[in-house]
Amino acid sequence: MWLTETDLEAIWLTLRLATVTTLILFIVATPVAWWLARTRSRWKGPIGAVVALPLVLPPSVLGFYLLVAMGPNGPVGQLTQSLGIGLLPFTFWGLVVASVFYSFPFMVQPVQNAFESIGDRPLEAAATLRASPLDRFFSVALPLSLPGFVTAGILTFAHTVGEFGVVLMIGGNIPGVTRVASVQIYDYVEALEYGNAHRLAAVMLVFSFLVLLALYVWNPGAKKR
Amino acid sequence: MNALETNTKTRTAAGDRPGMLPQIEARFRVAWPGFTLDVDERLPARGVTALFGHSGSGKTTLLRCIAGLEHAAEGRIQFNGEVWQDAETWVPTHRRPIGYVFQEASLFPHLSVLGNLSYGQKRSQKLNQQRAAAQDPRKARFSLEHAIELLGIGHLLKRRPAALSGGERQRVSIARALAVSPRLLLMDEPLAALDLARKQEILPYLERLHDDLAIPVLYVSHAPDEVARLADHLVTMDGGRVQASGPINAVLSRLDLPIRLGEDAGVVLDGEVAERDERWHLLRIACCSTSLWVRDSGAAIGDHARIRILARDVSIAQAPSRGTSILNSLPARVLSLGNDAHPALALVKLDVAGNPVLARLTRRSADELGLAPEQSVWIQIKAVALL
């Protein structure tokens, strides 16, 4: 095998992080997307902007704030300590928390768009057919926005795989715990091990291409009429 | 008697105070920018009540308020003594015993036709079981089969909505609304999105609903021909207000209504097919204690027949005329004269054996005939449409 053991470890960690993050975001981001899609509140604009922040913030800024918040003197850090979990920075779960924030808009926005494109009518029809609000969500809204969920899942997963700055700030570079593939490549380059860097970079390139290929072949936009 | 009829009757009997006619009391005030709905009406909860008006007259908004799809800040709706909305009460749409047919079929694209039909049926059965597990088991059991049979969609059950024609889709959507065993059926221009051929395809099914089921229907429409064909009771709306409300002929024959049906002004009469003339392909319809001859539509003797007489097809003579091509000539009595849309024209309201009939003629003719109330005349009906 031409990838080293540490490479495989980094790839495995990366996949684990991306999978866990995506699964958590499916649960956390869906209600937010639903609210943003359906609300007529004046808070829709501000909340939408906050959700989109990670799109434009430098990852180091996000990472910095998260580090401060989750550190020993930060509110989150004090909470986790008092719960006996300890401190999150430089742990796998610290990375998960950071990734959830970092990839939030990548899950919310496609799902929100999907919810919006359903319109009111199918939900009204379901209401006249005796479906309660929760029932309408699961029996009508979810199935009709499935393509949006697939897109969102793929984007979130891929985006988490590609994360670098936030990982460095929150996770550092601990082999097997927080050293993901992108950090591993950075290490190789710093150590001038260009051959190793090439191999891993090529794997990432091919992976990213395949993910995007899947996204474009799936093309939910073309399926709806 | 079919299952649904039984169903509705038992429920009405149970839900009603004795001696009270079932009715819908609706009072709503909705103020949106550029539009106000202000309605306070009692409607009969039996037969077909048409809400008629131009687009923007508020008829759809009224229907949506009744369904609970629109939450009017000021409103009160009571159905057969059951309050669905008032200052303290708000029954959400999914708990109201209604069926709703939208203008576009609005089928669920991710479900098959059968999936669409059973979506509401399953849920309403569950609700019914929760409410009254011990009661008449027939109650919960209308009849997906009956709805399917009534709308003639048995051959479509496995298809996806995308694979249906517009008319088929609307039939499925009507069956879907019926399959929840509604006690009130609300229909929002169910034919408006369809072309003429599709309309002709669906109208007979709507008539079957009318004739076969004892469910009261509120039917929103801006098409006079649909109203004439289906309605028992007519409510006309304009600018968010009710203009007139009453039994269909009482409203259709009013001369003072600012809303004019224009070319479509006329009345409808209900009668029975009495005789078939094989040689001339005509049917004799017995109605208003007289007879009218119409083209043979294939209806059976004894069938209920509704005929429509447009004002423009009725002319007035002082004596029964001979040597005319017109088949239907009846004695009548002038009730009143009114203005028509054009200053050259007048509308005359006549009484034909207790039924109102409208005639349109020029003011000059009216003057030459010396028409005045209580005068006895003969009317000649050029065309009688069997609906």
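What counts and what doesn't
- Residues numbered from 1 in each chain as written.
- Chains lettered and ligands numbered in written order.
- Predicted model: local features only at pLDDT ≥ 70, side-chain atom pairs only at ≥ 80, totals over all residues.
- Helix = DSSP H or I, 4+ residues; strand = E, 2+ residues; numbered from the N terminus.
- Contact = placed C-beta atoms within 7 Å.
- Nonpolar A, V, L, I, M, F, W, Y, C, P; charged D, E, K, R; others polar.
- Pairing = 2+ DSSP bridges.
- Axes fitted to C-alpha atoms, helices over the stretch in contact; angles between N-to-C directions.
- Parallel < 35°, antiparallel > 145°, perpendicular 65-115°, else oblique.
- Left-handed = near helix turned anticlockwise from the far one by under 90°.
- pLDDT = per-residue confidence, 0-100.
- Buried ≥ 20, exposed ≤ 12 C-beta atoms within 10 Å, placed from the backbone.
- Arc of directions from axis to C-beta.

A.B. asks: How do you make sense of the overall build of chain B when you look at a structure like this?
C.D. replies: Within chain B, the regular secondary structure consists of 10 helices and 20 strands. Expressed as a percentage of contacts within chain B between residues at least 6 apart in sequence, the contacts between residues at least 24 apart total 67%.

A.B. asks: Mind showing me how you'd approach the interface of chain A and chain B here?
C.D. replies: How big an interface is tends to be expressed through the accessible area that disappears when the partners come together. Chain A puts 13 residues into the contact, and the matching count from chain B is 18 residues. If you list the elements that add at least two residues to the side of chain A that touches chain B, you get helix 6 (121-128) and helix 7 (133-144) of chain A. Considering only residue class, the side of chain A that touches chain B consists of 8 nonpolar, 2 polar and 3 charged.

A.B. asks: Where do I start with the sheet that holds strand 7 (residues 184-188) of chain B in this structure?
C.D. replies: Working definition: the strands of a sheet are paired by backbone hydrogen bonds and lie parallel or antiparallel to each other. All names here are of chain B. Taken together, the 6 strands give an open sheet; going across it, the order is 6-7-8-3-9-10, and neighbouring strands pair in mixed fashion. Both outer strands of the open sheet, strand 6 (98-101) and strand 10 (241-247), are each paired with one neighbouring strand and no more. Here the strands of the sheet are splayed against their neighbours by 15 degrees on average, with no regard to which way each runs. Examined bridge by bridge, strand 3 (residues 48-52) and strand 9 (residues 233-238) share 4 bridges and lie parallel to one another. Within strand 9, the residue paired with Leu51 across the bridge is Val235.

A.B. asks: Sorry, what's going on with the packing of helix 1 (residues 5-38) of chain A against helix 8 (residues 146-161) of chain A here?
C.D. replies: Pairs of packed helices are described in terms of their axes, by the angle between the two and the distance that separates them. Residues and elements named next belong to chain A. Here helix 1 crosses helix 8 at 140 degrees, and the two axes come no closer than 8 Å. Judged by the angle between their axes, helix 1 and helix 8 are oblique. Seen from above, helix 1 lies across helix 8 with right-handed handedness. Packed against helix 1, whose contacting residues are Thr14, Leu17, Ala18, Thr21, Thr22, Leu25 and Phe26, the element helix 8 presents Gly153, Thr156, Phe157, Thr160 and Val161 at the interface. Per-class residue counts for the contact of helix 1 with helix 8 are 6 nonpolar, 6 polar and no charged.

A.B. asks: Any chance you could explain the confidence of the model for chain A here in plain terms?
C.D. replies: Predicted coordinates in regions of low pLDDT should not be interpreted in detail. When pLDDT is averaged along chain A, the result is 91, and 96% of the positions lie at 70 or above. Across chain A, helix 6 of chain A holds the top mean pLDDT of 96, while helix 12 (residues 220-223) of chain A sits lowest at 50.

A.B. asks: Which parts of the structure should I look at to understand the environment of B:Arg171?
C.D. replies: Residues and elements named next belong to chain B. As for its placement among the helices and strands, Arg171 is situated in helix 6 (residues 166-178). Spatially, the C-alpha atom of Arg171 lies 39 Å from that of Ala353, the residues being 182 residues apart in sequence. Beyond its immediate sequence surroundings of up to four residues, Arg171 is in contact with Leu151, Gly152, Ile153, Ile202 and Tyr205.

A.B. asks: For this particular structure, what's the right way to read helix 5 (residues 144-151) of chain B?
C.D. replies: Residue pairs three or four apart in sequence face the same way in an α-helix, which turns once every 3.6 residues. All names here are of chain B. Taken together, the buried positions of helix 5 are occupied by Leu144, Ala147, Ile148, Leu150 and Leu151. For helix 5, the arc enclosing every buried residue in end-on projection is 165 degrees, short of the 170-degree limit, so these residues lie on one face. Gly152 sits one or two residues past helix 5 and shows a positive phi near 60 degrees.

A.B. asks: What should I look at first to understand the pairing of strand 1 (residues 23-32) of chain B in this one?
C.D. replies: Consecutive side chains along a regular strand alternate between the two faces of the sheet. Residue and element names in this part refer to chain B. Bridge count between strand 1 and strand 2 (residues 35-44): 10 bridges; the pairing is antiparallel. The residue of strand 2 that forms the bridge with Ala31 is Thr36. The hairpin formed by strand 1 and strand 2 contains 2 residues between the paired strands, and Gly34 there has a positive phi angle of roughly 85 degrees. The sheet contact formed by strand 1 and strand 4 (residues 74-79) spans 6 bridges and is antiparallel. Within strand 4, the residue paired with Glu25 across the bridge is Gln78.

A.B. asks: Sorry if this is basic, but what is going on with unusual backbone geometry here?
C.D. replies: Leaving glycine out, the prevailing phi sign among residues is negative, and the prevailing peptide bond configuration is trans. Residues and elements named next belong to chain B. One non-glycine residue with positive phi stands out, namely Asn80, at about 50 degrees. Within the fold, Asn80 resides in the loop between strand 4 and strand 5 (82-85). Unusually for a residue other than glycine, Glu374 sits at a positive phi of about 75 degrees. For Glu374, the position within the fold is in the loop between helix 10 (363-369) and strand 19 (376-381). Of the residues examined, Glu374 has 9 C-beta atoms within 10 Å and is grouped as exposed.

A.B. asks: Whenever I open this one, the sheet that holds strand 16 (residues 328-339) of chain B confuses me. Can you help?
C.D. replies: All names here are of chain B. Spatially, 15-19-16-17-18 is the arrangement adopted by the 5 strands of the open sheet, whose pairing is antiparallel. A strand with exactly one partner marks an edge of an open sheet, and here the two such strands are strand 15 (314-317) and strand 18 (355-362). In this sheet, adjacent strand axes meet at a mean angle of 45 degrees when their direction is disregarded. In the sheet, strand 15 pairs with strand 19 via 4 bridges, with the strands oriented antiparallel. Residue Ile316 lies in a different strand from strand 19, and its bridge partner there is Ile379.

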